[in-house]
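What the coordinates show
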Amino acid sequence: MKRSTITLTIALLAVISAQGGYSQDRHALQEGFVYLDDAIPGIVIELKYTTDDNFVGQPIDGYERGHAILSEPAAAALAEVQARLEPYGLGLKVFDAYRPQRAVDHFVRWAADLDDQRTKLDFYPDVAKEDLFEEGYIAEQSGHSRGSTVDLTIVYRDEVGAVHELDMGSSYDFFGPISWPDSPAVTAQQRANRALLQNVMIAHGFNFYAQEWWHFTLEGEPYPDTYFDFPN
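Residues numbered from 1 in each chain as written. Predicted model: local features only at pLDDT ≥ 70, side-chain atom pairs only at ≥ 80, totals over all residues. Heavy atoms only, no water.

On to the pattern of salt bridges. In total, this model carries 12 salt bridges according to the counting rule given. Glutamate 64 is the partner of arginine 102 in a salt bridge, and the nearest nitrogen-oxygen pair spans 3.9 Å. Residue arginine 102 is located in helix H4 (residues 101-112), and its partner glutamate 64 is located in the loop between strand E2 (44-45) and strand E3 (69-71); the two are separated by 38 residues in the primary sequence. Judged by relative accessible area, arginine 102 falls into the partly exposed class, the value being 28%. Of the residues examined, glutamate 64 reaches a relative accessible area of 52% and is grouped as exposed. (Salt bridge = Lys/Arg side-chain N within 4 Å of Asp/Glu carboxyl O. Helix = DSSP H or I, 4+ residues; strand = E, 2+ residues; numbered from the N terminus. Buried < 20%, exposed > 50% of the residue type's maximum accessible area, 1.4 Å probe, protein only.)

Next up, the structure:
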């Protein structure tokens with residue numbers, strides 16, 4: 001990505017942020033952050049932590065309005081990824097972006113409650129809940145709270161406009177080796193789909209996480225030591 005393109009895009013996103021976004025239900029954001037659906041036309045947002053469809057089994061603290069938020073530089077880089085995919089009839093679908101620290105604290109409380117096994121079959125069937133910290137699936141701090149980490153996949157639209165995800169071989173937030181980007185347990189096509197996502201994200205300045213095919217963090221993120229806690 002050209003430096004001039006990044007600079008111009010960040011400048012535009014700063015204007016959007018200062019205006020509070022284009023939509024009427026937007027609240028004023030922390031300086032340096034933007035709403036993804038305002039900043040990136042055509043991006044699909046499905047925030048799992050606003051619903052019961054997540055490993056905790058209920059909406060997560062801090063997800064009050066259900067908007068995907070990222071730092072301006074991360075959003076600018078992600079806009080370049082979306083633009084790169086569009087000529088091929090593809091686009092991005094975001095499962096999570098900025099995550100308030102209070103949401104991470106909710107995860108930690110859930111992980112400590114070993115009696116709550118409601119979601120085990122769907123999200124961590126082969127991992128003991130007491131091992132989720134040790135194996136790196138739950139932590140007391142998350143890169144998401146620094147504002148430049150995003151969980152996402154690639155989608156396409158069929159002839160009637162319905163959105164479909166590319167088959168990545170495991171569901172979002174599935175805790176286990178099959179979710180590792182280089183897992184040999186998935187098919188050749190699923191590996192190719194993961195490689196497409198990884199390559200296009202890396203090409204536009206993101207680093208991947210070795211245990212989750214969906215997880216990417218902007219290289220040179222603007223707030224590497226700050227864990228924010230404003231609601232999304």
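Since one α-helical turn is 3.6 residues long, residues separated by three or four positions face the same way. An ideal rise of 1.5 Å per residue puts 16 Å on 12 residues; H4 measures up with 17 Å between its terminal C-alpha atoms. The set of residues buried in H4 consists of Gln101, Ala103, Val104, His106, Phe107, Val108, Trp110 and Ala111. (Expected span 1.5 Å × (residues − 1).)

Residue-level pLDDT values for the chain average 91, and 89% of them are 70 or greater. In this model, residues 15-24 is a region of pLDDT below 50 whose contacts with residues beyond four sequence positions or in other chains number 14 contacts. (pLDDT = per-residue confidence, 0-100. Contact = heavy atoms within 4.5 Å.)

With that settled, the discussion passes to the pairing of strand E5 (residues 149-157). Of all 9 residues that make up E5, 7 are buried, and the element is covered over most of its length. Pairing of E5 with strand E8 (residues 212-218), which is carried by 3 bridges, proceeds in the antiparallel orientation. Bridging across to E8, valine 150 finds its partner in phenylalanine 216. The pairing of E5 with strand E6 (residues 163-165) spans 3 bridges and is classified as antiparallel. (Pairing = 2+ DSSP bridges.)

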